[in-house]
Each structure stands twice: as C-alpha cells, then as structure tokens.
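# Geometric and topological summary
Below are the chains, spelled out letter by letter.
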Amino acid sequence: MRLDPVTMEIVGNRLSAMTEEMCLTLQRTSRSLYVKETADFCCAFAGLDGGFVAYPRGIGVSGFVGLNVLTAVQAAGPLEPGDVIITNDPYRSGGLATHLTDIQLIEPYFHEGELVGYGWAFIHCSDIGGRVPSSLSPVNDEIFQEGLQIPPVKLVRAGEPSRDVEALITANSRTPEANLGDIRAMCAALRTGRERLAGVVAQHGLAAVLDAQRDLVEYTAGKARAALATLGDGTHRFVDYLDDDAVSSLPVRLSVTATLRAGDLHLDFTGTDPQVAAAFNIATLGRPHAWITTRVLALICTLDPGIALNAGLIAPITVTTPEGSLVNPVHPAAVGVRHASANRVNDAIGGALGLAAPHVLPAASSGLVVPVVVAEQRGAGQNVQVLEPMVGGTGARDGADGVDGRDSGISNLSNNPVETVETEIGVEILRYGLRTDSGGAGRWRGGCGLELTFRVRGEGSKLLARGLERMCFRPWGVRGGAPGAATELIVNPGTPRERRHFKIDLLPLEPGDVVTLLTSGAGGYGDPYTRDPEAVLRDVERGVVSFEAAAREYGVVLAERDGGLAVDAPATANARAHRPERPAADGGPEGREAGAADSGEERRAWESVFDTAAVDRLVAALFRLPRPARTPRRTALYTAVLAGLPAGFPRTPPTPEQRDAARRTLIQEISQLERMSA
C-alpha cells in the first residue's frame, strides 16, 4: 500500500461521491422514461488499467462494477483532452457493452497533459434500430438483427462533437430525439466527473490519486478474498435451465462448478449448452464478466457489507467458459436478451455456493427481468416505451422470508410510476401489485411475484416482453422449501378471447385488449409445516397467501373469530400431524435433509429422462463437432427422444414405460453422436 489508510479512505470516498454526482446529473437531464424513472444507467471512474476504481453505491445499475473500459479505449486510438468515445458493440468493446441498446460513453481525464483515468457512463436506450421496435427480441439469431453496431469511435474530438456520428445514430433509431437527449445527458455526467476529479487532484495531488487507484482496488481484493475464505474450501456443482431458446421448445442448460480455495473462486461452465440461434447468449469473451459474476459480488457484499465497490471485487474470481457456449459465444451471435441467461447463471452459482454455505445463500429468486414494452403508432412515427421492468421476489434464506415483488439479483431497476406510464404511452394500468400464492412455501417463505394488468387504448399497438422465463422450470426451494409459482402471460383473461402465451416476439394488440403478466415467485427455505402459524396468518391478512393455501401448503387452519381471522390451534396441530406425502427434492429421497433444491414436478420429469450424467456426455460430444453443426445436431437428438414422450412434456409427466423407452433412445443417440465426433 502506497498511501496511509486515512488518505486512502478520504480519496476513495471522494471518488465514490463523484460517481454518484455523475449519476444524479445523468438521471436529472435524461429524456427517456427508462433512464429517468427506471434508472437503467450508471456512471463510474476507471483507473489507468480500465477497471473501475470508484462506483456508486446508492444510484444506478449496481451489477456492472466488474466491467473494464480498456479494450474500447485502445480500439478508439490515441486520446487527447476533450475526446469522448462511444460504443455499444459487445464484441469490439471487450464485453463493456453487453447488448446493442446499452450505449457506452468513455472520456479520458487529464491533468496538465497527463492521463489520470477514465470517466464512464452508460444508458439503456429505447431503440437502436434493428428488426423490431425496442431492438431486442428473443428470436433474433444474429447481432445484425438487433440494431446499429457502434464500434468504439470518437463521439467528441478535442471538445468538438462529431455531428456525423450523431446523425448516423439518430438515423438508425425509432426514438432519435430521446436517444440524442440521453447521449447529451451522459456527456454532462462525464463533464461533472471531470470537474470533480480536478478538485480531488487539486486538494490531494496527482500522485495521491494515482496511488489510490491501485491501493483501493488491492484493499478491496484482499477483503473479497477474506470474505470468500469464510465459506471454506471445496468444489460444488449445480445445473439449471432456461425454459427454452424461443425458437424451439428445447430447454437450455447452464452448468456451474464452483471451486473455492483459500479465498479464490473458480467458476467452470463446462457442461453448459452451446451458443443458441437466439438472443440469449452472453458475450463474456472468456473473461470473469459482470453478467456471470454478479451473484458472487452480491455474496461478497453480504459477507462484508462495508466493502467498497470497485474492480477488486472480481480479483479473486477466475472462469472457464468454453468458446462457442452460451456464456462465451462467437460473433455474430445475438446477445440482446442476455439478461435472461444471466439470471439463470445467478441461480446456478447461487445453487453451487449454497451447497458450500447453506445458511448464507438463499433459495432461488424469481429468476427473470421482463421489460414490458409497448410500441404504438404516433403520427408518422412510433412511440416505444417500457411500461415496467417486471421482476419477481427474492429467495427465502435461513432466518428470513424473501422480499416480495423485488429482486435485485442482476439489477436494481426502479419501477415506473403508473401516472407517468399512462402519460407517456396509450395504456391504462388496471392493476400493479403482488401476486397471491406465488412465493414458494417454506419455514421461511419465498418472495411473491408481481401482477401487471393493463388495457390497450391506442391503435396499432404491439407488445414485446423480452426475458420471459420460469414459465416451465420454476424457481427452486431448498431444505424442504417449495418452488415458486411459474410465470404466466395472458391476453384478455377470463373472456372468450383469452389467449395464453409463452415467449413472444412481437405480439399485435387491438384497442381494448387486456394484458396480464404474472411473474414467478421465489423459492422457499425449510419445511413449510414448521413455519410459525402466526406468520402464516399475517401472510393471509396481507393477501400474499390465500386462505386455502394456508391449509394446503402450511397445514395452518384459520377460523373466523371476533370479526377477523385467527389460527385454530387444535385443527392446525391435527393437520400438521397428518401432512400429505411430498415428492423428494431434485437430489433424491434424501434431498430435503441434504439441502438439495426442489424445482417442482417439471424439472423432476425432465431429469427423469435427461439426467445429469447423460447430458454431460451429450454436451461434451457436441463440443467436439464443428461449431455450425452443434445446434442442428442437438435439436435432432432431442427431437428423436421427445418423440416418444407426451406432447406436454415436461409439464405433463411421462408414464414409466415412456420414460424408460425415452432413456434408451437418449443413450443410443448419445452413443451414435460420440462415435461421430470421436
């Protein structure tokens, strides 16, 4: 350490305050609803190595603290004072941009001609062109369909804006004025950072600021290793699934093996499926990228709440991400809905580390982020807005219920005020609230999902809801806790025109149509029949658990008493003494005692055919094929096996005969594939 601890603390706090002031400048001057209300943006200060030295704690997207600006800086060429780089290209920016709608700006900060560091700002823009309004669709199969790709180029040269670059961006967007306004807001935020950094240098000196960059990151890295070391050494594996890849009904597998050694953590994604011909790929470029380390950073900050947010948080983490896999795709793979896969990575890492620290890690959170987008005709143009960034609840943990209707697993986005939504877009919000009976039952209850119901008022409206997930494989509970409820999307519910949808691309809506989105609930923790009956009563009174579910899931019998509800203690004791038999957790008959996850009947049905060992063989054989051959061969193999299973599988379980026959077909197909790829 080059600085004394007091100076390092003072400089670190001033730099963190600087980034929060940058964020406030950006939010207050932005144009789009998704930035100024939802807060899908952030600002930070990066050191000379490109890693973030200071990152805001209380405003903006928290999960990007592990990003690095250096690849983008080097690609843009020599820099001078007054330059500002712009990019949105995940591949050419080294993973700094994570999909095309996230516009990144970087400004080099100088002092008397010497480079001090880099200011960074990003916003999620409403539209960057591409095949559909809002640019992002799960069924896009290459990045060229997702909008304008902006390699790292100079938006501003020596203080002079490049009108050509601005013109190119606005010409390729359905929301040019909002985009341009947000870009100028980012420039204002970077200017705020430059001015505040000059004040820090003036007071403490350039040498102190440069030394603080290394000292702050190294200090945080040491604290991060100390936090992870409390989990103990060991190797733990967990597998989870995306429901499907939107272009087929086949689930997509994510496998994580976490190895802890003396405070270092290695995450091995071997066993994860190949990249998909859809928009769920995560462009990590083989690095410990933000989208595959977010759960670890949250764990470190839980174990050490006072730790600073900077690049030191990812220093203990290394990764193995097979090239051409879902978590390390090759250009031009589509990446627009990468947040859906990032949610499942979070769950898989949480499951693996939960085996190491079952009393620290929670059950699965709801596992989805769904920006509900409505695009409508407005004169000769289009109005594209995000109504709400819909999430679900937080997983229960040892000693505490999950948080209802709130999941900051991969982002801490705010909800949009209903009044603002109805002002900005032609819809009427009919209900926005918690979803009853959606949280997984447990000694500690999983957080409830949300319900959003709205009526369409405008002509020519279209619905996009990227990130729809957990519609089949539900969020898992642990140690006897039940899984959360599955996600549902319904148009015109309860009418003769009712339609239920799974993943959607671009759904046309008519004036008067009513849309209801019910997000998944989170998993429960511990045996529901050991939950305090008074806690169940409070849940019923709050409307998050129904009267019927109190008896069915918790064995708690309620009775009318003195104008309200009360626990019928004798009836509850009798009900709990004669509880119905529950299926074993996913880990087998001993699963609940061992802490195994319970994802519900759907996953049990799936893995009764496609078990872990067999699919390990399948994935390994696929990766021995040339990359273009992997997806077609995988699809053909699964199609052959599924042909002998019920049409609704895995929601409809197979008979023992169907299961055994499908297993034989699977092994035969894998053996043939292994011979082909040998």
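Residues numbered from 1 in each chain as written. Predicted model: local features only at pLDDT ≥ 70, side-chain atom pairs only at ≥ 80, totals over all residues. Heavy atoms only, no water.

## A few points about the overall build of the protein chain
Looking only at helices and strands, the protein chain has 17 helices and 24 strands in total. Relative to a compact globule of 678 residues, whose C-alpha radius of gyration would be 26 Å, the protein chain shows 25 Å and is just as compact. When the backbone C-alpha atoms are referred to their principal axes, the protein chain occupies close to 80 × 70 × 60 Å. Taken over 678 residues, the protein chain has a buried fraction of 59%. Surface summary for the protein chain: the accessible area is close to 24,500 Å², and the carbon and sulfur share equals 52%. The centroid of the 66 positive side-chain charges in the protein chain is displaced by 2 Å from the centroid of its 81 negative side-chain charges. (Helix = DSSP H or I, 4+ residues; strand = E, 2+ residues; numbered from the N terminus. Rg over C-alpha atoms; globule rule 2.2 N^0.38 Å. Buried < 20%, exposed > 50% of the residue type's maximum accessible area, 1.4 Å probe, protein only. Areas by Shrake-Rupley, 256 points an atom, 1.4 Å probe, with all protein chains shown as cover. Lys, Arg positive; Asp, Glu negative; His and termini not counted. Charge placed at Lys NZ, Arg CZ, Asp CG, Glu CD.)

## A short note on the sheet that holds strand 20 (residues 507-509)
Strand order in the open sheet formed by 4 strands is 13-12-16-20, with antiparallel pairing between adjacent strands. Edge strands, defined here as strands with exactly one partner in the open sheet, are strand 13 (381-390) and strand 20. Taking each pair of neighbouring strands and ignoring which way they run, the sheet shows an average axis angle of 25°. As defined by bridge partners, strand 16 (residues 461-465) adjoins strand 20 across 3 bridges and the pair is classed as antiparallel. The partner of Lys462 across the bridge, within strand 20, is Pro508. (Pairing = 2+ DSSP bridges. Axes fitted to C-alpha atoms, helices over the stretch in contact; angles between N-to-C directions.)

## A closer look at the packing of aromatic side chains
Evaluation of the coordinates by the stated rule reveals 14 aromatic pairs. Each ring, one from Trp120 and one from Phe122, has its centre 5.7 Å from the other, and the planes form 25°; the classification is stacked. For the pair shown, Trp120 and Phe122 are each scored as buried. Ring pairs connect the aromatic residues Phe52, Tyr55, Phe64, Trp120, Phe122 and Trp291, which therefore count as one cluster. The lysine or arginine in question, Arg579, covers the ring of Tyr529, its NZ or CZ lying 4.3 Å from the ring centre. (Phe/Tyr/Trp six-rings, centres within 6.5 Å; stacked < 30°, edge-to-face > 60°. Lys NZ or Arg CZ within 6 Å of the ring centre and 35° of its normal.)

## Structural notes on the sheet that holds strand 5 (residues 114-124)
The 7 strands are arranged 2-1-5-4-3-6-7 in an open sheet whose pairing can be described as antiparallel. Strands with a single pairing partner mark the edges of an open sheet, and in this sheet they are strand 2 (52-54) and strand 7 (160-161). When strand 1 (residues 41-46) meets strand 2, the two strands line up antiparallel, connected through 2 bridges. Bridge pairing in strand 2 places Ala46 opposite Phe52. Packing of helix 5 (residues 176-204) onto the sheet brings it into contact with strand 1, strand 3 (84-87), strand 4 (102-111), strand 5 and strand 6 (153-157), and relative to strand 4 it is tilted by some 25°. (Contact = heavy atoms within 4.5 Å.)

## Observations concerning the pairing of strand 18 (residues 488-491)
One ladder, built from 4 bridges, connects strand 18 with strand 21 (residues 514-518); its direction is antiparallel. Residue Val491 lies in a different strand from strand 21, and its bridge partner there is Val515. With 3 bridges joining them, strand 18 and strand 19 (residues 499-501) adopt antiparallel strand pairing. In the strand pairing of strand 19, Ile490 is matched with Arg500.

## Some remarks on the environment of Leu464
Residue placement: Leu464 occurs in strand 16. With relative accessibility at 1%, the residue Leu464 sits in the buried group. Leaving out residues up to four positions away in the same chain, Leu464 has contacts with Val132, Pro133, Ser134, Leu136, Pro371, Val372, Val373, Ile504, Asp505 and Leu506.

## What about the packing of helix 5 against helix 6 (residues 206-229)?
Packing of helix 5 against helix 6 brings their axes to within 6 Å, and their N-to-C directions diverge by 110°. Taken together, helix 5 and helix 6 sit at an angle that is classed as roughly perpendicular. Counted together, Leu197, Val200, Val201 and His204 of helix 5 and Leu206, Ala208 and Val209 of helix 6 form the full contact between these two elements. Per-class residue counts for the contact of helix 5 with helix 6 are 6 nonpolar, 1 polar and no charged. (Parallel < 35°, antiparallel > 145°, perpendicular 65-115°, else oblique. Nonpolar A, V, L, I, M, F, W, Y, C, P; charged D, E, K, R; others polar.)

## With respect to unusual backbone geometry
For residues other than glycine, phi is negative in most cases, and the peptide bonds are mostly trans. For the bond from His331 to Pro332, the omega torsion is 10°, close enough to zero to count as cis. Locating Pro332 in the fold gives a position in the loop between strand 11 (317-320) and helix 8 (338-356). A cis amide bond links Phe649 to the next residue, Pro650, at an omega of 5°. Relative to the assigned elements, Pro650 resides in the loop between helix 16 (627-642) and helix 17 (656-677). In this model, Ser135 sits at a positive phi of 75°, which is unusual for a non-glycine residue. Assignment of secondary structure puts Ser135 in the loop between strand 5 and strand 6. Unusually for a residue other than glycine, Asn492 sits at a positive phi of about 55°. Among the structural elements, Asn492 can be located in the loop between strand 18 and strand 19. Residue class for Asn492 comes out buried when judged on its relative accessible area of 5%.

## Observations regarding the nonpolar core
Ranked by size, the top nonpolar core spans 159 residues in total, and within it Trp120, Leu267 and Phe454 carry the most contacts. Among the nonpolar cores identified, the runner-up in size contains 25 residues, and Leu625, Leu637, Val641 and Leu673 belong to it. (Core = buried A, V, L, I, M, F, W, Y, C linked by side-chain atoms within 4.5 Å.)

## Digging into the pattern of salt bridges
Counting across every chain of the model gives 48 salt bridges. Among the charged side chains, a network of salt bridges with common partners joins Asp240, Asp244, Arg344, Asp347, Glu469, Arg470, Lys503, Arg603 and Glu607. (Salt bridge = Lys/Arg side-chain N within 4 Å of Asp/Glu carboxyl O.)

## Section: the side chain of Thr284
Its place among the elements puts Thr284 in the loop between strand 10 (264-268) and helix 7 (290-303). Setting aside chain neighbours within four positions, we find Thr284 in contact with His289, Ile292, Thr321, Val327 and Asn328.

## Things to note about helix 17
It helps to recall that an α-helix has 3.6 residues per turn; residues three or four apart then point in one direction. Helix length check: helix 17, at 22 residues, gives a terminal C-alpha distance of 31 Å against a target of 32 Å (1.5 Å per residue), a fit within 8%. Residues of helix 17 that are buried: Ala662, Leu666, Glu669, Ile670, Leu673 and Ser677. Down the axis, helix 17 shows its buried residues gathered within 105° of arc, on one side only. Across from the buried face of helix 17, at angles greater than 90 degrees, the exposed residues are Glu657, Arg664, Gln668 and Arg675. Contacts from the buried residues of helix 17 go to helix 14 (601-609), helix 15 (612-622) and helix 16. (Expected span 1.5 Å × (residues − 1). Arc of directions from axis to C-beta.)

## Here's the deal with the pairing of strand 8 (residues 234-242)
Walk down a regular strand and you will see the side chains alternate between the two sheet faces. Most of strand 8 sits out of view: 7 of its 9 residues are buried. Across 9 bridges, strand 8 lies against strand 9 (residues 252-261) in antiparallel orientation. Following the sheet pairing, Arg237 is matched in strand 9 by Thr257.

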